[in-house]
Amino acid sequence: RVVLRIRRADTDIDQEVTLTKFPDAPPANLPAVSIIETELIEREIAGANTRYWALAPKAHDADSPLGVVLWFPSRGAPSREMLLDRWRPLVATRNLAFIAVELGTDGSPETYLKDISAAIADFRTVHSVDADRVVAHGHGAGATLAETFTRQNRSMVHALLLVGGGELNISEADPSTRLAY
């Protein structure tokens, strides 16, 4: 165990942590994981000119809400087929849904962020969502959009995953975002 000292403005915070290493192999006594069938859902939101697709468990139990990963791509991001291949094992074993919104007709970031909100609202009409397990995941320029969306929707998004982009312009003086990430 070690003590990690974090300095925020003029305050020091001591946090005790345990350092470890990744095991060379997974433990032999892991419980069996139940694998459930997944389905690709494609929907168009009436009046919003928005289309999205989602990979979700086919038979969904409303008593076991889904975690949701909201995907914010960039140009040159992996194809839909590649994303489906990568995310299907997690969706099938972790009670998750993976949602991707197609860029709107005007292509503006503002419209796209509204489209994301409309898509998650529409998805919630069909599936039960665990409000504490909604993650914004952005790649490249999409990372900046994911960060912006997260800042604008703090009550909806509870985690942020940025790959190859993003800005993280979080003001230390703003108490609503301090230590948020």
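Residues numbered from 1 in each chain as written. Predicted model: local features only at pLDDT ≥ 70, side-chain atom pairs only at ≥ 80, totals over all residues. Heavy atoms only, no water.

Quick look at the overall build of the protein chain
Part 1 of the reasoning: If you tally the helices and strands in the protein chain, you get 3 helices and 8 strands.
Part 2 of the reasoning: Reading the secondary structure of the protein chain in the N-to-C direction produces β-β-β-β-β-α-β-α-β-α-β.
Part 3 of the reasoning: Taking all 181 residues of the protein chain together, the buried fraction comes to 33%.
Part 4 of the reasoning: In the protein chain, the proportion of contacts linking residues at least 24 apart, taken out of those at least 6 apart, comes to 60%.
Part 5 of the reasoning: Accessible surface for the protein chain amounts to roughly 11200 Å². Of this, 52% is attributable to carbon and sulfur atoms. (Helix = DSSP H or I, 4+ residues; strand = E, 2+ residues; numbered from the N terminus. Buried < 20%, exposed > 50% of the residue type's maximum accessible area, 1.4 Å probe, protein only. Contact = heavy atoms within 4.5 Å. Areas by Shrake-Rupley, 256 points an atom, 1.4 Å probe, with all protein chains shown as cover.)

Some points on the packing of aromatic side chains
Part 1 of the reasoning: Counted according to the given criterion, the structure contains 5 aromatic pairs.
Part 2 of the reasoning: Between F72 and Y112, the aromatic rings sit 6.2 Å apart at their centres with planes inclined by 80°, giving edge-to-face as the arrangement. With F72 in strand 5 (residues 66-72) and Y112 in helix 2 (residues 109-126), this pair connects stretches of sequence that are 40 residues apart. For the pair shown, F72 and Y112 are each scored as buried.
Part 3 of the reasoning: A ring pair is formed by F72 and F149, whose centres lie 5.6 Å apart and whose planes are at 50°; its orientation type is tilted. Residue F72 is found in strand 5, and its partner F149 is found in helix 3 (residues 141-152); the two are separated by 77 residues along the sequence. (Phe/Tyr/Trp six-rings, centres within 6.5 Å; stacked < 30°, edge-to-face > 60°.)

Focus: helix 1 (residues 80-94)
Part 1 of the reasoning: Over its 15 residues, helix 1 extends 20 Å from the first C-alpha to the last, a length consistent with the 21 Å expected when each residue adds 1.5 Å.
Part 2 of the reasoning: In helix 1, a bend of some 40° at W87 exceeds every other bend along the element, and P89, a proline, comes one to four places later.
Part 3 of the reasoning: Burial in helix 1 covers these residues: L83, L84, W87, V91 and A92.
Part 4 of the reasoning: Tucked into the core, helix 1 has its buried residues touching strand 3 (38-45), strand 4 (50-57), strand 5, strand 6 (96-101) and strand 7 (129-139).
Part 5 of the reasoning: After helix 1 finishes, the residue N95 shows a positive phi value of roughly 55°. (Expected span 1.5 Å × (residues − 1). Bend = angle between axes of the 7 residues up to and from the residue.)

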